[in-house]
Amino acid sequence: MAVFVALGAFLMTLAGGWTAQRVTDRRHLVLGLAGGLMLGVVGLDLLPEALHAAGDEVFGVPAALLLFVAGFLLAHLVERLLAARQAAHGGEEHDGRVPEVGLTAAAAMVGHSAMDGVAIGAAFQVGGGMGTAVALAVVAHDFADGFNTYTITSLYGNARRKALIMLFADAVAPVLGAASTTFVTIPEGLLGGYLGLFGGALLYLAAAEILPEAHHEHPARSTLLCTVAGVGFIWLVVGLAG
């Protein structure tokens, strides 16, 4: 049953990526929406779940929050190191962005989607009601995952073929993650730590890369509305799943 539900996530991820590539003539709106979706996923979904699963404190601060900050700093460090490496080897940048950063970010999205599949499988092991609630949340926000995976990969100047490969990998990941739960169970604390770390990295991409680019050439009210709509969509998904 978990794998069957994960197939729904597979289709929703592809639908999100297809939507992102079909509206390239409104790139600023796409980026504004992607930034809002990412902000909503981090603040309304990943971080609360991370605090719940890994809430133990380390020197007065919840471990999930420490990992959240670490993820933000790690994303910034990786981007700077890759940019320096690219410049040292005479590589080309795309509008000041290094293609490898986009691929690295997309790979992180793929890893997150695999963990979504694990969450579906683990929830169904607990019970059918829990499995249905988690499946609803995962399938709904996998549209945003597919949308963001394609957008991030393309934003950094990668070829359309690479963006499609990463999109397909992101779509397959939850199916493989759900299947893996028949063999492996991930401790809740470890899962919470991962969610905190990934949330910090995702917030960096949204705040430092996606949203500034969305408003760079088109500081329109419509772009801001798309960002708010993205956050609102994730809020709706979280509320329905709860």
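These numbers come from a predicted model, not from an experiment.

Rules behind the numbers
- Residues numbered from 1 in each chain as written.
- Predicted model: local features only at pLDDT ≥ 70, side-chain atom pairs only at ≥ 80, totals over all residues.
- Heavy atoms only, no water.
- Helix = DSSP H or I, 4+ residues; strand = E, 2+ residues; numbered from the N terminus.
- Buried < 20%, exposed > 50% of the residue type's maximum accessible area, 1.4 Å probe, protein only.
- Contact = heavy atoms within 4.5 Å.
- Areas by Shrake-Rupley, 256 points an atom, 1.4 Å probe, with all protein chains shown as cover.
- Core = buried A, V, L, I, M, F, W, Y, C linked by side-chain atoms within 4.5 Å.
- Phe/Tyr/Trp six-rings, centres within 6.5 Å; stacked < 30°, edge-to-face > 60°.
- Axes fitted to C-alpha atoms, helices over the stretch in contact; angles between N-to-C directions.
- Parallel < 35°, antiparallel > 145°, perpendicular 65-115°, else oblique.
- Left-handed = near helix turned anticlockwise from the far one by under 90°.
- Nonpolar A, V, L, I, M, F, W, Y, C, P; charged D, E, K, R; others polar.
- Patch = residues over 30% accessible without salt bridge, like charges linked within 9 Å, V, L, I, M, F, W, Y side chains within 5 Å.
- Salt bridge = Lys/Arg side-chain N within 4 Å of Asp/Glu carboxyl O.
- Expected span 1.5 Å × (residues − 1).
- Bend = angle between axes of the 7 residues up to and from the residue.
- pLDDT = per-residue confidence, 0-100.
- Polar contact = N/O pair within 3.5 Å; in protein donor to acceptor, adjacent residues only side chain to side chain.

Asker: Looking at this model, I keep getting lost on the overall build of the protein. Mind explaining?
Answerer: A tally of helices and strands in the protein yields eight helices and two strands. When burial is assessed residue by residue, the protein has 45% of its 242 residues classed as buried. Within the protein, counting contacts between residues at least 6 apart in sequence, those at least 24 apart form 81% of the total. Approximately 11600 Å² of the protein is accessible, and the part contributed by carbon and sulfur atoms is 70%.

Asker: Is there a simple way to think about the nonpolar core in this case?
Answerer: A general trend in soluble globular proteins is that nonpolar side chains are found buried together. Within the largest apolar cluster, 36 residues are counted, with the highest numbers of intra-cluster contacts made by M38, I152, L202, L205 and I210. Of all the secondary structure elements, the ones that give two or more residues to this core are α2 (27–53), α3 (63–88), α4 (99–126), α5 (128–155) and α7 (188–216). In terms of residue count, α2 provides more of this core than any other element does, 10 residues in total. Residues within four places of L205 in sequence aside, it is in contact with M38, A105, I152, Y156 and I210. With five residues, the next largest nonpolar core counts A6, F10, V175 and A178 among its residues.

Asker: I'm lost on the packing of aromatic side chains in this one. Help?
Answerer: Two measures describe an aromatic ring pair: the distance that separates the ring centres and the angle between the ring planes. For the structure on display, the rule yields two aromatic pairs. Here F10 and F168 contribute two aromatic rings whose centre-to-centre distance is 6.1 Å and whose plane-to-plane angle is 85°, an arrangement assigned as edge-to-face. Pair noted here: F10 is in helix α1 (residues 2–22) and F168 is in helix α6 (residues 160–180), with a separation of 158 residues, a long-range link. With a centroid separation of 5.2 Å and 85° between ring planes, the pair formed by F72 and Y204 is classed as edge-to-face. With F72 in helix α3 and Y204 in helix α7, this pair connects stretches of sequence that are 132 residues apart. For F72, a relative accessible area of 29% puts it in the partly exposed group. You can call Y204 buried: its relative accessible area is 7%.

Asker: I keep staring at the packing of α2 against α7 and nothing clicks. Help me out?
Answerer: The description of two packed helices rests on the angle between their axes and on the distance between the axes. Running from N to C, α2 and α7 cross one another at 155°; their axes reach a closest spacing of 8 Å. On the basis of the axis angle, α2 is roughly antiparallel to α7. The hand of the α2/α7 crossing is left-handed. For the contact of α2 with α7, the class distribution of residues is 18 nonpolar, nine polar and four charged.

Asker: Just checking my understanding: could you explain a nonpolar patch on the surface for this structure?
Answerer: A cluster of nonpolar side chains, namely L67, L74, L77, L81 and L197, defines an oily patch on the protein surface of about 410 Å² accessible area. Relative to the helices and strands, L74 resides in helix α3.

Asker: What should I look at first to understand unusual backbone geometry in this one?
Answerer: We note that F59 has phi near 55°; this positive angle belongs to a residue other than glycine. For F59, the location among the structural elements is in the loop between β1 (57–58) and β2 (61–62).

Asker: I would appreciate a short explanation of α7 in the present structure.
Answerer: Note that an α-helix has 3.6 residues per turn; residues three or four places apart therefore point the same way. The end-to-end C-alpha distance of α7, which contains 29 residues, comes to 41 Å, matching closely the 42 Å that a straight helix rising 1.5 Å per residue would cover. Taking the largest bend as the criterion, α7 deviates by roughly 35°, centred on A206.

Asker: Whenever I open this one, the confidence of the model for the protein confuses me. Can you help?
Answerer: Should pLDDT be low for a region, the predicted coordinates there are not to be read in detail. Of all residues in the protein, 81% have pLDDT values of 70 or greater, and the mean over the chain is 79. Per-element confidence in the protein ranges from a low mean pLDDT of 72 for α5 to a high of 92 for β2.

Asker: Please explain the side chain of N158 as it appears in this structure.
Answerer: Take N158: it is sitting in the loop between α5 and α6. For N158, a relative accessible area of 9% corresponds to the buried category. Among the polar contacts made by the side chain of N158, one reaches the main-chain carbonyl oxygen of P99 at a distance of 3.0 Å. Engagement of the side chain of N158 in a polar contact is seen with the backbone oxygen of T153, the distance being 3.0 Å. If we skip the residues at most four places from it in the chain, N158 touches P99, G102, L103 and T153.

Asker: I keep staring at α6 and nothing clicks. Help me out?
Answerer: Helix length check: α6 (21 residues) gives 30 Å between terminal C-alpha atoms against 30 Å at 1.5 Å per residue, within 8%. The largest bend along α6 measures about 25° and falls at V172, with the proline P174 one to four residues further on. Residues of α6 that are buried include every one of A163, M166, L167, D170, A171, A173, P174, V175, G177 and A178, and no others.

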